[in-house]
Structures are given as structure tokens and as C-alpha cells.
Amino acid sequence: MKGEHGFVHFPVIAGLPPLGGTWCPACLLPAQKMTRLLLGVTLERICKAVVLLCLVHFVIIMILYFDVYAQRLDFFNRFNIRNTSRAHPYYNFSRPNGTVHSYTAVTSAGDSFTPSAKLELNLTVTEKPLLPCPDAPPGLVGRLLIEFSSLMSMERVQRENPDVTEGGRYVPPDCQPKEKVAIIIPFRHREHHLKYWLHYLHPILRRQKVAYGIYIINQFGEDTFNRAKLLNIGFLEAMKEADYDCFIFSDVDLIPMDDRNLYHCYEQPRHFAIAMDKFAFRLPYAGYFGGVSGLSKAQFLKINGFPNEYWGWGGEDDDIYNRITHNGMKISRPDIHVGRYRMIKHERDKHNEPNPQRFTKIQNTKMTMKKDGINSLHYRVIHSAKYPMYTNITVDIGKPPPRPARG
């Protein structure tokens, strides 16, 4: 509209400042400039976000780098310490989280020297303490396929278990076990069965995170077999080597079919082999305690160990059951689906015929258990040897007393 003085007047547009009440075309931003402005602001924000993301990425990379560097440094420290231990056998590395002991060595000339005078080494090892092993190890498989048709050899067993040390010893490297377990096997002329037992049990025990040692107690000679006495001997001989907390007594022909059947000790004496294939996977009777059982050191000593006077087959496991109940303890068992076992089929061993006196002895457990047991044990070690997968101890257990004539 044209005013009085020839000026053109326009109404004020919302969002644009008026200039003296008149419209200035130069002050109005075109739509194209507005779009570019908004695009610039958006790009600026994106750039800032990218820069921030790069900074976070850089920080993470640095953290990972220093962590790997620390692990490598720790690895080489361990390597150097192992080399030093070989070169200097006087070092004591028995404390995994401790400091290396000082020592005094002897030279070829007979002169002694100390590290402060002759050798200056800083061998302080700082390792993180291991966490306790879990009650339910994550690597368990569950139900296992057990078969005895394939050929088995000790060389194969050794190849399959390279981390088992001499004497059949193993300690989990990634956690701290709650107890040390000695597995005692009464033995005579069962080499074929032993190969299968070792083939299956070593991997099972390792998956269960058990710290263990395996002891084969071999009866010398051809006299009547005495299973319970061999188990008593295994307890004493294993205690000479390590301070074991738990003892599992197993026949060499029984293989667990489920690795969730954990081989450690419980608050009450444990019966592991509750469902064997030869019994149609059922418990034969309520007081059955045969095959595979476990007792802690305190529980074993409380019942005075096992009886020594059961010569021949049968009776000793029922006597052990009576000892446990007479001392106020109860038998604990796994679930019947977990406690399944396969038995390697075999003929009855020669000189292991059924003991005709076993029923009379079982009835007298309460009177005999205090004088017949670990406190009355006599034997003689003939030979002891550590093999890659087990420790063998051959013992002379004496001769059985003459059986009274019938009638």
C-alpha cells in the first residue's frame, strides 16, 4: 500500500523484526539459507558425537592394552620363576601367594653363601588368590555313555589326561578346591578293568573340579582277598603323602554314568553307587553300602575305620553300614537317576569266595568295631611306585585265620 509520502508499507510478518515499521527484504532469510543453517547445526552435533565415541573407544582400547600387558608381564614372571627354581633347587615355592623364601646354598668348594652376598634377585610373586571351586561346576555333562568294547591302553589314558601329574594327582588350576580327595581302590589281577576305570574317571573328576590322588592298593600273594583291610591300608598310606580331607573307596569295576554324581565328602557318610546295572538300577536293600562310598577323615576315624576280619567276598560293606549307624550318623545318597553305575562284567575272582562267617560277624558289629579296625591294622608294604595315572602300593596283609570246621 502506498502511503502519504510515497513509501510502501507492509504489515509486520511474524518472527521477523520490523525496521521502523517498514519491511526490509534484505533482512528476510530465504528458505534455502534456513535449511543450510539447520543442516550445519545437525552436522556439528553429529561430529561432536563421533568425536565423543572415538574418545570412549580410545579409552577402552588403552584399558585392554594395559590389561594384556599386565597378563604378559605376569606370564613371563612365572616363566622366569620356574627357570630359577630349576637352577636353584633351594628355593621353596610351596606358598602360591607368598614370597620366595631366602636360602643358603653350598658351592662346590663347600662355602655357603646367601642371596644378599652373592645373588640379588627380586622374585616376589603377587598372584590373585583363586576363588573357591563352585559347588556345581559349570562344565559337567550329565548322563554319560559308558562302554567297554573299544580297546583301551595306559598310553591312551595318559594322552587323554596330560594335566594329571605323577601318581595320579590333579589340582584344578582355575579355582581353590574345598578339600583334598584320596580315591582308594582295593586291587588284585584287574589290570584290564583299571584301564577303563582310569579312562572314564580322570575326565569326570577333572570336570568336577576335584583335587585328588588315586591309590591302587594291591594285595600281594594269592591268599583269600580282604577288601576292607586293603581300604584301611589305603587310608593310612594316602595320609602319609598328603593331608587328605576326604576318602572315596571304589571298586575298580564300577564306572559312574553321570558326572553330576560329585566325588567329594558330605556332612554324612556318602553312598555313591546306589543304582547299578546288575541290580536293574535299583538299590538292593536299604542298608546297602557297597561298591563306591565316601567318608571324611573325621567320619572314618569315628567308626575306627573298616573291619579287618572279613576274608573273602561279602559282609564288610554291611559291617561298615552298622558302624556308621551305631555312631549316630546316617547315610546320604544322590538321586537315583544320578547315582547310576555300569559294572564291567567278569567272573568271580579266584580266592575271593563268599565268606560263610559274614552273617555272624555282621550281627556282632557293635561289639567288635572298637577293637577291630584302623587301631588293630597290621600289614607290610612290599612295593610302592608312582605311575603317570595312579599310585600303586603292593602290600602283604597276612593270612586269614583258619576257618572252623562246619558243625
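Above this text you will find the structure in question.
This one's a predicted model, so the numbers in the text were calculated from it and none came from an experiment.

A. A look at the overall build of the chain. Assigned secondary structure in the chain consists of nine helices and 13 strands. Evaluated residue by residue, the chain yields a buried proportion of 40% over its 407 residues. Considering only intrachain contacts with a sequence separation of at least 6, the fraction spanning at least 24 residues in the chain is 79%. Split by element, the accessible area of the chain, about 24,500 Å² in all, is 59% carbon and sulfur.

B. Representation of the sheet that holds strand β11 (residues 340–343). Judged by pairing direction, the sheet is mixed, and its three strands sit side by side in the order β7-β11-β9 without closing on themselves. The two strands at the open ends of the sheet, each matched to only one other strand, are β7 (254–256) and β9 (275–276). Two elements, β7 and β11, share three bridges in a ladder whose sense is antiparallel. Looking across to β11, one finds that Leu254 is bridged to Met343.

C. Structural view of the pattern of salt bridges. Per the stated rule, a full pass over the model turns up 18 salt bridges. Ionic pairing is found between Asp253 and Arg190, a salt bridge with its closest N-O pair at 3.8 Å. Of this pair, Asp253 sits in the loop between β6 (246–250) and β7 while Arg190 is found in the loop between β4 (180–187) and α4 (191–207), placing the two residues 63 residues apart along the sequence. Accessibility classification places Asp253 together with Arg190 in one group, the buried group. Ionic pairing is found between Arg227 and Glu316, a salt bridge with its closest N-O pair at 3.1 Å. Within this pair, whereas Arg227 is found in helix α5 (residues 227–241), its partner Glu316 is found in helix α7 (residues 316–326), the two being separated by 89 residues in sequence.

D. A look at the nonpolar core. In terms of nonpolar packing, the biggest core is built from 41 residues, with Ile183, Trp197 and Tyr263 touching the most fellow members. Looking at this core, the elements with two or more residues in it are β4, α4, β5 (211–219), β6, β7 and β11. In terms of residues, this core owes the most to one element, α4, which gives eight residues. Non-local contacts of Ile183, meaning those with residues more than four positions away in its chain, are made with Trp197, Leu205, Gly213, Ile214, Tyr215, Ile248 and Tyr263. Formed by 30 residues, the second largest nonpolar core is a distinct cluster that contains Ile217, Leu231, Leu377 and Ile397.

E. A look at α7. Burial within α7 is extensive, with eight of its 11 residues counted as buried. For α7, the set of buried residues is Glu316, Asp317, Asp318, Asp319, Ile320, Asn322, Arg323 and Ile324. In the core, the buried residues of α7 are packed alongside α5, β10 (292–296), α8 (358–363) and α9 (365–368). Phi turns positive one or two residues past the end of α7, at Gly328, with a value near 75°.

F. View of the packing of aromatic side chains. Per the counting criterion, the structure on display carries 14 aromatic pairs. Their ring planes at 40° and their centres at 5.1 Å tell us that Tyr263 and Phe272 sit as a pair that is tilted. Since its relative accessible area comes to 1%, Tyr263 is described here as buried. Here the aromatic cluster, defined as three or more aromatic residues joined through ring pairs, consists of Tyr215, Phe235, Tyr244, Phe247, Phe249, Phe300 and Phe306. Its end group placed over the ring of Tyr266, Arg270 keeps NZ or CZ at 3.8 Å from the ring centre.

G. Focus on α4. Taking 1.5 Å of rise per residue, the 17 residues of α4 would be expected to cover 24 Å, and the 25 Å separating its terminal C-alpha atoms lies within 8% of that figure. Largest kink in α4: about 25°, centred on Leu201, with the proline Pro203 one to four residues after it. Of all 17 residues in α4, 12 are buried, a share of seventy percent or more. Elements that come into contact with the buried residues of α4 comprise α3 (154–160), β3 (169–170), β4, β5, β6 and β7. Backbone geometry just after α4 places Lys209 at a positive phi near 60°.

H. Region of interest: the state of the cysteines. Inspection of every chain in the model, using the stated rule, returns two disulfides. The disulfide bridge from Cys133 ends at Cys175, spanning 1.9 Å between sulfur atoms. Negative torsions about the S-S bond denote left-handed disulfides, and the value of about 85° found for Cys133 with Cys175 makes this one right-handed. Of this pair, Cys133 sits in the loop between α2 (115–118) and α3 while Cys175 sits in the loop between β3 and β4, and the two are 42 residues apart along the sequence. Sulfur-sulfur distance for the disulfide between Cys246 and Cys265 comes to 2.0 Å. With the S-S bond torsion at 85°, the cross-link from Cys246 to Cys265 turns out right-handed. A residue pair is termed long-range when its members are at least 10 positions apart, and Cys246 in strand β6 and Cys265 in the loop between β7 and β8 (270–271) qualify at 19 residues. Using a relative accessible area of 0% as the deciding quantity, one classes Cys246 as buried.

I. Looking closely at the pairing of strand β12 (residues 380–386). In the sheet, β12 pairs with strand β13 (residues 391–396) via six bridges, with the strands oriented antiparallel. Residue pairing across strands places Lys386 opposite Thr391, the latter belonging to β13.

J. Region of the structure containing the environment of Phe249. Looking at the secondary structure, you find Phe249 in strand β6. When near neighbours in sequence (up to four residues on either side) are disregarded, Phe249 contacts Ile184, Leu231, Gly291, Val292, Ser293, Leu295, Phe300 and Phe306.

The rules behind these values
Residues numbered from 1 in each chain as written. Predicted model: local features only at pLDDT ≥ 70, side-chain atom pairs only at ≥ 80, totals over all residues. Heavy atoms only, no water. Helix = DSSP H or I, 4+ residues; strand = E, 2+ residues; numbered from the N terminus. Buried < 20%, exposed > 50% of the residue type's maximum accessible area, 1.4 Å probe, protein only. Contact = heavy atoms within 4.5 Å. Areas by Shrake-Rupley, 256 points an atom, 1.4 Å probe, with all protein chains shown as cover. Pairing = 2+ DSSP bridges. Salt bridge = Lys/Arg side-chain N within 4 Å of Asp/Glu carboxyl O. Core = buried A, V, L, I, M, F, W, Y, C linked by side-chain atoms within 4.5 Å. Phe/Tyr/Trp six-rings, centres within 6.5 Å; stacked < 30°, edge-to-face > 60°. Lys NZ or Arg CZ within 6 Å of the ring centre and 35° of its normal. Expected span 1.5 Å × (residues − 1). Bend = angle between axes of the 7 residues up to and from the residue. Disulfide = S-S within 2.5 Å.

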